[in-house]
Amino acid sequence: MHILFVCYMTTTRPLAQEENVKKYTILETVVQEFSRFPVIVMGDMNGHVSVLGEKVNENGHKLIDFCEGNEFENLNITIGNGLHTWESKEWKTAIDYMLVNHEAREHVREMHVDEIEFYIDTDHRMLVLKC
């Protein structure tokens, strides 16, 4: 059995941070419950963790803490090909992530950010995981 969680963390407005703390608390509880299974957490975390040299923001710190506290690997950093996951006319950044625990990592062959192959009408780029 493989477990997949798709997440959305609200932006960094002050009231949104309370909501994100609740989301991470729930996510950590569920991830710990299924820790013996391969677990993948992916989604729009609205966090900057310096993938592109940008300053780590509050959501980025929460993401880093989640990965360290639950022994998850951030595939965007370790094996991801293609860097930016979101762009506007004047800015490209990474805010969408693919995270795996040790059990899931054993099955991963490749992860990349698709920048051209699959066009969908959004400002986000598709994350592709091959197991």
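About the thresholds
- Residues numbered from 1 in each chain as written.
- Predicted model: local features only at pLDDT ≥ 70, side-chain atom pairs only at ≥ 80, totals over all residues.
- Heavy atoms only, no water.
- Helix = DSSP H or I, 4+ residues; strand = E, 2+ residues; numbered from the N terminus.
- Expected span 1.5 Å × (residues − 1).
- Contact = heavy atoms within 4.5 Å.
- Pairing = 2+ DSSP bridges.
- Axes fitted to C-alpha atoms, helices over the stretch in contact; angles between N-to-C directions.
- Buried < 20%, exposed > 50% of the residue type's maximum accessible area, 1.4 Å probe, protein only.
- Salt bridge = Lys/Arg side-chain N within 4 Å of Asp/Glu carboxyl O.

Draft legend 1. Representation of helix H2 (residues 58–70) within the structure. With 13 residues, H2 ought to run about 18 Å at 1.5 Å a step, and its terminal C-alpha atoms sit 18 Å apart, in line with that. Of the surrounding secondary structure, the elements contacted by the buried residues of H2 are helix H1 (14–33), strand E2 (39–44), strand E3 (73–74) and strand E6 (96–100). Trailing H2 by a residue or two, Glu71 shows a phi angle of about 55°, which is positive.

Draft legend 2. How the structure looks around the sheet that holds E3. Taken together, the four strands give an open sheet; going across it, the order is E1-E2-E6-E3, and neighbouring strands pair in mixed fashion. Each end of this open sheet is capped by a strand with a single partner; those strands are strand E1 (3–8) and E3. Inspection of the sheet shows E1 paired to E2 by six bridges, in the parallel sense. Directly across from Phe5, in E2, lies its bridge partner Val41. Sheet strands touched by H1: E1 and E2. Its angle to E1, the strand with the most contacts, is close to 175°. Of the strands in this sheet, E2, E3 and E6 are in contact with H2, which crosses E6 at around 10°.

Draft legend 3. Representation of the environment of Gly47 within the structure. Mapping Gly47 onto the fold places it in the loop between E2 and H2. Classification of Gly47 by relative accessible area gives buried; the value is 0%. Separated by 62 residues in sequence, Gly47 and Arg109 have C-alpha atoms that sit 25 Å apart. Discounting residues that sit within four places of it in the chain, Gly47 has contacts with Asn57, Asn59, Gly60, Ala94, Ile95 and Tyr97.

Draft legend 4. Looking closely at the environment of Lys89. The residue Lys89 is located in the loop between strand E4 (86–87) and strand E5 (92–93) in this model. Judged by relative accessible area, which is 86%, Lys89 ranks as exposed. Sequence separation between Lys89 and Asp123 is 34 residues; the distance between their C-alpha atoms is 9.6 Å.

Draft legend 5. Local environment of the pattern of salt bridges. Overall, the coordinates contain five salt bridges when judged by the stated rule. The residue Glu58 makes a salt bridge to Lys62 at a minimum N-O spacing of 3.4 Å. With Glu58 and Lys62 both in helix H2 and four residues apart, the pair spans about one turn of that helix. Exposure remark for Glu58: the relative accessible area of 43% places this residue in the partly exposed category. Here Lys62 falls in the buried class, since its relative accessible area comes to 16%.

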